[in-house]
Amino acid sequence: MLRIFEKIYRVGVVTEPAKAYTDPELEAIGAELKTAIDRRFSGSLGIRMVDAGSCNGCELEIHALNNAFYDLERFGVHFVASPRHADILLVTGPVSRHMQHALLTVYEAAPDPKWVVAVGTCAADGGEFGESYASCGPVGNVVPVDAVIRGCPPAPKDLLGGLLSLLAAR
Amino acid sequence: MSALAKPRIAQPTRFHQFDPVEDLLAEFDRQGIAIHYSNEPGLIPAVPIAIKPDDWGRTAELAAGKGFRWAGGWADDIGSMPSLRFLAMSCLEKDGRFVLLRAVLDADQRELPSQAPWFPGANRSERRTRDAFGLDFIGHPDARRWLRHQAWTADEFPLRKSFPRSGNPKAVTPPDKAYAFQRAQGHGVYEIPVGPVHAGIIEPGHFRFSAVGETVLNLEERLGYVHKGIEKIAEGRGPDSLARLAGRVSGDTTVGHTWAACRAMEQAAEVRVPERALTIRGILAERERIANHLGDIGAICNDVAFAFASYQFSRLRELWLRNNRSWFGHRLLMDRVVPGGVAHDLSSEAAAAMAGELIWLRKELDELRPILADNDSLQDRLVTAGVLPEATARALGCLGFVARASGIDFDLRRDAAYAPYDRIEVRPACHRDGDVAARLNVRYDEIYASLHIIAQLLRSLGKGPIRADWRTPDAGAEGLALVEGWRGEILCYIRFGSDGRISRYYPRDPSVFNWPALERLIHGNIVPDFPLCNKSVNGSYSGHDL
């Protein structure tokens, strides 16, 4: 047990202030984020992540938002297990036709008001996969999209920046 | 520790005293099965053998009797003149030697005997071929569809060349409600449907549990939700474009699949990759392996609420990915492997820094390992959870850390070594217990082994070009590549059409053989341990569904 405490003590806090990896503009948005979430969402913003057909690259980077460096929860943002608890749907991938109905069901299950964020190049414009017998293409072809975060995959700081911009703009 | 792992330098295959492939072909001869050696240089990792479609099942039976492993099966539409023709293929392995069975179905022939009765691992692949090409496997134990949900009809076959890329989709593809799951009935038996949308940040798929109380009686997987038509949209691409697509077969295996696709294309086009590029490819692949294993170890611990380890390993993974970004320009190393070589050189400063990074990570891992090993509440959840017996793993053809945790000491990097692994020492990890703890420990040992590999590759990194000129292959040129990805053996088949464009691309992710293992190892475990067992296998949905 002592070894655990020793390791925790020696590693210390690695969480980075938002300004360490953002440009000045983003830093300003970052300062407003907590205020925005506090005001609009009583300090708590629920995100439901839906993989609608991605290669899983985007999921890896969304996962990274929870590591100690980015620590998304400090802004009052947390990932929820049900669309019924969600304020925002993060949708990745081109929407595969086999997932089309499931995505529509999730969209309907999320309470209004809700925002849909298309994450990654595939979700934004279909990416390498485009439209085909198996793929509906971008998320916007299936559900209304409020914001887009591009990248293949978007790095955690891009995801953070995209979320901040969405909230600051509303 | 890994009592079974015997480090040895890979020997070129010509030094094998006993060649299992020759032995198998001699057996075919004794049994009166007509075989033709075909002579495609691009298929060289395997011995290509043409047989008659009628012998498809019989050859599998004989190969199973000789202890071969079924390493993949697929088909190709090879033309419509004068009538539709198909080429069925399946790959078999024993002791690191591969044979590629090929049968041409001519003159509107649509049937061949199934290999699944002798190789359970062939079950889903054959159903997939049936859904995509309309070939029937006679004697197949399962008549249900696999790849097809409701995006196309039972009389449409998307991988036939006559099928349009756009298909004939409905405005909204209906959910696949009619799939007949196995039913368990009896007093107190109930079903739990899970997915396709899961509770966490993970890919979609459906799991149907039959349970009694908390105990899992049966689990049935239903995959195919992220089928994106990768094989179809590969058709007509040039080499660079195909490499980019291969990098998105499974995002966590972007290096592995791109390397496999590039090797297959290079074999078909007879392009020689420069030494320096080969070494850098090896470094990229090992960095991918380490990044994924770090993530998985943390995630396994997270699934039993050991938050300390979850945060420590996600910290190590993040630092590792940041180094990827600064040395190679991409956190997940996408599009770094390209046809003919690599897209990004490794500077001497970066190589020096990487040598220091290896020492740093080893020290961190040395500190963390006893904390995990001595934590009773962690070990209590991991040891004896989700046991996969060696016999089951062999029957299913399991690969990578799933197989190596169940005592199957197979690793392409040593047993069928390719450059750059043929010139260095590779120490595959191996454990016997087959439980979640073993799958975690194999990953831990594999990180150490990969650190050792990267150190050797850094030392052997010579000067020179990093990319060879591309040479357009002849129409019909084929390539087969086998690469040890972080999940295990990746198989990739490519056939070029005219103008150097791709006519057929089939990537076989190791998940194809590891997903069925999850259905078996969950038996008798409790439902709440499913996420843990699932994470310990960590199959790729996207790599499976294509």
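Not measured: the values here are computed from a predicted model.

## Let's talk about the overall build of chain B
At step 1: If you tally the helices and strands in chain B, you get 17 helices and 15 strands.
At step 2: Taken against the 2.2 N^0.38 rule, which gives 24 Å for 546 residues, the C-alpha radius of gyration of chain B at 23 Å falls within 12% of a compact globule.
At step 3: Projected onto the principal axes, the alpha-carbon positions of chain B cover approximately 70 × 65 × 55 Å.
At step 4: Relative to its 546 residues, chain B shows a buried fraction of 55%.
At step 5: Once local pairs closer than 6 in sequence are excluded, the contacts in chain B between residues at least 24 apart make up 69%.

## Focus on helix α2 (residues 56–65) of chain B
Residues and elements named next belong to chain B.
At step 1: Among all positions of α2, only Trp56, Gly57, Thr59, Ala60 and Ala63 are buried. Seen from one end, α2 has its buried residues packed into an arc of 160°, which puts them on one side.
At step 2: Where α2 is buried, its residues meet α1 (20–30), β4 (86–94), β5 (97–105) and β6 (111–113).
At step 3: Once α2 finishes, glycine 67 follows within two positions and takes phi at roughly 85°, a positive value.

## Structural notes on the pairing of strand β4 (residues 115–119) of chain A
For a regular strand, side-chain orientation follows a simple rule: the groups alternate between the two sheet faces.
Residues and elements named next belong to chain A.
At step 1: In terms of burial, β4 is a largely internal element, five of the five residues being buried.
At step 2: Side chains Trp115, Val117 and Val119 project from β4 onto one buried face, and the interleaved Val116 and Ala118 project onto a second face that is buried too.
At step 3: Where strand β3 (residues 88–92) lies against β4, five bridges are found, and the strand directions are parallel. Note on β4: the bridge partner recorded for threonine 92 is valine 119.
At step 4: As judged from the three bridges shared by β4 and strand β5 (residues 147–149), these two strands associate in the parallel manner. Bridged to alanine 118 within β5 is valine 148.

## Describing the interface of chain A and chain B
The accessible area lost on association of the parts is a frequent measure of interface size.
At step 1: Taken together, the 41 residues of chain A in the interface contact 48 residues of chain B.
At step 2: Secondary structure elements with two or more residues in the side of chain A that touches chain B: α1 (2–11), β1 (45–51), α3 (57–64) and α4 (97–109) of chain A.
At step 3: Looking at which element gives the most residues to the side of chain A that touches chain B, the answer is α4 of chain A, with eight residues.

## With respect to the packing of helix α14 (residues 436–459) of chain B against helix α16 (residues 530–537) of chain B
Residue and element names in this part refer to chain B.
At step 1: It is at 9 Å that the axes of α14 and α16 come closest, and there the two elements cross at 35°. Handedness of the crossing formed by α14 with α16: left-handed. On α16, the residues touching Val436, Arg439 and Leu440 of α14 are Leu532, Cys533 and Ser536.
At step 2: Each residue belonging to the contact of α14 with α16 can be placed in one class, and the counts come to four nonpolar, one polar and one charged.

## Some words on the confidence of the model for chain B
At step 1: When pLDDT is averaged along chain B, the result is 93; 97% of the residues meet or exceed 70.
At step 2: What the predictor reports for the complex is a pTM of 0.92 with an ipTM of 0.91.

## A few points about the sheet that holds strand β15 (residues 502–508) of chain B
Residues and elements named next belong to chain B.
At step 1: Read from one edge to the other, the open sheet built from three strands follows the order β13-β14-β15, with strand pairing classed as antiparallel. In this open sheet, the two strands that pair with only one neighbour each are β13 (478–485) and β15. With direction set aside, neighbouring strand axes in the sheet form an average angle of 15°.
At step 2: Both strand β14 (residues 488–496) and β15 contribute to a ladder of six bridges, which runs antiparallel. Looking at β15, one finds that isoleucine 494 is bridged to tyrosine 505.

## Some points on unusual backbone geometry
At step 1: Cis rather than trans, the peptide bond between aspartate 112 of chain A and proline 113 of chain A has omega equal to -5°.
At step 2: Within the secondary structure, proline 113 of chain A is located in the loop between α4 and β4.
At step 3: The amide bond that connects cysteine 152 of chain A to the next residue, proline 153 of chain A, takes the cis arrangement and shows omega of -20°.
At step 4: Here proline 153 of chain A shows up in the loop between β5 and α6 (156–169).
At step 5: Unlike most non-glycine residues, aspartate 95 of chain B shows phi in positive territory, near 50°.
At step 6: The residue aspartate 95 of chain B is located in the loop between β4 and β5 in this model.
At step 7: Backbone geometry at threonine 384 of chain B places phi at a positive 70°, although glycine is not the residue there.
At step 8: As for its position among the elements, threonine 384 of chain B is in the loop between α10 (376–382) and α11 (390–396).

## Concerning the sheet that holds β3 of chain A
All names here are of chain A.
At step 1: A sheet is described by the order of its strands in space; here five strands give the open sequence β2-β1-β3-β4-β5, paired in parallel fashion. Bordering the open sheet on either side are β2 (77–79) and β5, each of which pairs with just one other strand. Strand-to-strand, the axes of this sheet are offset by a mean angle of 25°, without reference to chain direction.
At step 2: Across three bridges, the pairing between β1 and β2 is parallel. In the strand pairing of β2, isoleucine 47 is matched with phenylalanine 79.
At step 3: Across the sheet, α3 lies against β1, β3 and β4, angled at about 140° from β3, the strand it touches most.

## Brief notes about the pairing of β3 of chain A
Residue and element names in this part refer to chain A.
At step 1: Most of β3 is tucked away, with five of its five residues classed as buried.
At step 2: Where β1 and β3 come together, five bridges link them in parallel fashion. Residue pairing across strands places arginine 48 opposite leucine 89, the latter belonging to β3.
At step 3: Regarding topology, α4 serves as the crossover connection from β3 to the parallel β4, and that connection is right-handed.

## Side note on the confidence of the model for chain A
At step 1: For chain A, the mean per-residue pLDDT works out to 86, and 89% of the residues sit at or above 70.
At step 2: Within the model, the stretch residues 19–23 of chain A combines pLDDT values under 50 with seven contacts to residues more than four positions away or in other chains.

Calculation notes
- Within every chain, residues take consecutive numbers counted from 1 along the sequence as written.
- As they are written, the chains are lettered A onward and the ligands numbered 1 onward, keeping that order.
- Note on the predicted model: pLDDT of at least 70 is required for a residue's local features to be given, and 80 or more for side-chain atom pairs to be given and counted; whole-chain, interface and lining totals, by contrast, use all residues.
- The numbering of helices and of strands both runs from the N terminus, where a helix is a DSSP run of H or I of at least 4 residues and a strand a run of E of at least 2.
- The globule rule used here is 2.2 Å times the number of residues to the 0.38 power, and the radius of gyration it is set against is calculated over C-alpha atoms.
- In this scheme every C-beta is placed from the backbone, and a residue whose C-beta has 20 or more other C-beta atoms within 10 Å is buried, one with 12 or fewer is exposed, and one in between is partly exposed.
- Contacts here follow a simple rule: the backbone-placed C-beta atoms of the two residues must lie within 7 Å.
- The directions from the helix axis to the C-beta atoms form the arc being described.
- Paired strands, as defined in this entry, are two strands with at least two bridges between them according to DSSP.
- What counts as an axis is a line fitted to C-alpha atoms, over the stretch in contact for a helix, and the angles between N-to-C directions run from 0 to 180 degrees.
- Note: crossing handedness is left-handed where the near helix turns anticlockwise from the far helix by less than a right angle, and right-handed where it turns clockwise.
- In the scheme used here, Gly and all other residues not listed as nonpolar or charged are polar, with Ala, Val, Leu, Ile, Met, Phe, Trp, Tyr, Cys and Pro taken as nonpolar and Asp, Glu, Lys and Arg as charged.
- Summary of the metric used: pLDDT quantifies the predictor's per-residue confidence within the range 0 to 100.
- By convention, orient the strands away from the viewer: a clockwise path from the first strand over the helix to the second makes the crossover right-handed.

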